[in-house]
Amino acid sequence: MTETPELSFVIPCYNEQDNLRALVKAISDSVAPLQRSYEIVITDDCSKDNSWTVLKEIAAADPRVRGLRFAYNCGQS
């Protein structure tokens with residue numbers, strides 16, 4: 001992404017492999033009518049499922065999506 005996004009969605013993630021694609025699609029579909037630039041930053045809290053793999057796939061396919069992964073599980077707080 002070359003421009004600074006007007007909107008940023010920052011979302012925590014833990015064991016959400018089955019929900020990540022639907023989440024990103026729902027956000028994209030909701031923001032599209034606004035005609036605003038945006039980014040989706042999803043932070044994986046060292047999920048034990050394939051969330052990180054799915055997140056990397058989504059980010060590779062959509063430059064508006066960025067994935068970050070903690071080095072260890074930090075928990076809710």
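Caption draft 1: The arrangement of the pattern of salt bridges in detail. This structure, assessed with the given rule, holds 6 salt bridges. A salt bridge links Arg21 to Glu57; its shortest N-O distance comes to 2.5 Å. Pair noted here: Arg21 is in helix α1 (residues 20-31) and Glu57 is in helix α2 (residues 51-61), with a separation of 36 residues, a long-range link. A salt bridge links Arg64 to Asp62; its shortest N-O distance comes to 3.0 Å. With relative accessibility at 33%, the residue Arg64 sits in the partly exposed group. Exposure remark for Asp62: the relative accessible area of 13% places this residue in the buried category.

Caption draft 2: Expanded view of α2. All of the buried residues in α2 are Ser51, Val54, Leu55 and Ile58. In an axial view of α2, the angular spread of the buried residues amounts to 100°, which keeps them on one side of the axis. Against β1 (7-13), α1, β2 (38-44) and β3 (65-69) lie the buried residues of α2.

Caption draft 3: Up close: the packing of α1 against α2. As a packed pair, α1 and α2 sit with axes 10 Å apart at the nearest point and diverge in direction by 35°. Along the contact surface, α1 presents Leu20, Arg21 and Val24, while α2 presents Ser51, Val54, Leu55, Glu57 and Ile58. Residue composition of the contact of α1 with α2, by class: 5 nonpolar, 1 polar and 2 charged.

Rules used throughout
- Residues numbered from 1 in each chain as written.
- Predicted model: local features only at pLDDT ≥ 70, side-chain atom pairs only at ≥ 80, totals over all residues.
- Heavy atoms only, no water.
- Salt bridge = Lys/Arg side-chain N within 4 Å of Asp/Glu carboxyl O.
- Helix = DSSP H or I, 4+ residues; strand = E, 2+ residues; numbered from the N terminus.
- Buried < 20%, exposed > 50% of the residue type's maximum accessible area, 1.4 Å probe, protein only.
- Arc of directions from axis to C-beta.
- Contact = heavy atoms within 4.5 Å.
- Axes fitted to C-alpha atoms, helices over the stretch in contact; angles between N-to-C directions.
- Nonpolar A, V, L, I, M, F, W, Y, C, P; charged D, E, K, R; others polar.

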